Amino acid sequence: MLVGVSLGPGDPGLLTLRAIEVLRASRKVFAPGELAAELARPYCEPEILDFPMTDDLERLEEIWERNADTVASYAGKYLTSFACLGDVNTFSTFSHLRRVLMRRHPGIEIDTVPGVGIIPAAASRFGIGFERSFLVSDGSEPDAVLRLKATRPASIAAELHAQGYSEFILGSRLYTADEMIVRGEMPERSSYFSVLYARRVR
């Protein structure tokens, strides 16, 4: 099994208890650079994988495939972690690694430990709060939307479908005993503590 472990924005005090628990329990831990490895070292002995910066897409794919095969050689046998700065599900090296792993090694189970990502970290350091909708972008064309307070998911999905979105996931009271996740057809009503994910399938 492979677990993507979020290390937070850089302060060792912002690692979650769950992140520490998984790092300690893992037989093998990988990291994509020295900063991530340094945060993980109090709990494990991470191996750094090389992810050089390049615009050569063919070489990038070779790097992803080589690293995915290395990780899979451990994750196919026992609990293995890949530790990244920030949140592993948000603009992360782990997202690319997971995509290639799922294609080349579909039998490996993959999970993630969420963490403090750049968005809440920046808000905290800037002394600001997000009270209304805001845009997060790396400059590329958006292909996904998250709608908070999704109390009328069917209506929201219909609105987004008209804008070209066709994949929908609804989560209600996530990470609680009452958690509910619905994929595909959306219900008419949901809890105030719901979030709807919509993606354009290209």
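See the structure printed just above.
Chains are numbered independently. Their residues run from 1 in the order of the written sequence. Since the coordinates come from a predicted model, pLDDT governs what is reported: local features require at least 70, and pairs of side-chain atoms require 80 or more to be given and counted, while whole-chain, interface and lining totals use all residues. Side-chain figures throughout are based on the complete set of non-hydrogen atoms in the structure, without hydrogens or water.

Looking at helix 6 (residues 153–161)
Then step 1. A simple rule labels every residue: compare its accessible area, found with a 1.4 Å probe on the protein chains alone, to the largest value its type can have, and call it buried under 20%, exposed over 50%, or partly exposed in between. A run of H or I in DSSP counts as a helix once it spans at least four residues, and a run of E counts as a strand once it spans at least two, with each numbered from the N terminus. Among the residues of helix 6, those classed as buried are Pro153, Ala154, Ile156, Ala157 and Leu160. Each buried residue of helix 6 lies within a common arc of 160 degrees when the element is viewed along its axis, so the set occupies one face.
Then step 2. Contact criterion: two residues are considered in contact whenever any of their non-hydrogen atoms come within 4.5 Å of each other. Structurally, helix 6 contributes buried residues whose contacts are with strand 6 (144–148), strand 7 (167–172) and strand 9 (194–199). The arc in question is traced by the directions running from the helix axis to the C-beta atoms.

Looking at the pattern of salt bridges
Then step 1. Each reported salt bridge corresponds to a side-chain nitrogen of Lys or Arg within 4 Å of a carboxyl oxygen of Asp or Glu. Per the stated rule, a full pass over the model turns up nine salt bridges.
Then step 2. For the salt bridge of Arg103 with Glu61, the shortest nitrogen-to-oxygen distance reads 3.3 Å. Of this pair, Arg103 sits in helix 4 (residues 93–104) while Glu61 sits in helix 3 (residues 57–75), and the two are 42 residues apart along the sequence.
Then step 3. By relative accessible area, which is 45% here, Arg103 ends up partly exposed.
Then step 4. As a salt-bridge pair, Arg104 and Asp69 come within 2.8 Å of each other at their nearest N and O atoms. Here the residue Arg104 occupies a position in helix 4, and Asp69 occupies one in helix 3, the gap between them amounting to 35 residues.
Then step 5. A residue is classified by how much of its surface remains accessible, and Arg104, at 36% relative accessible area, is partly exposed.

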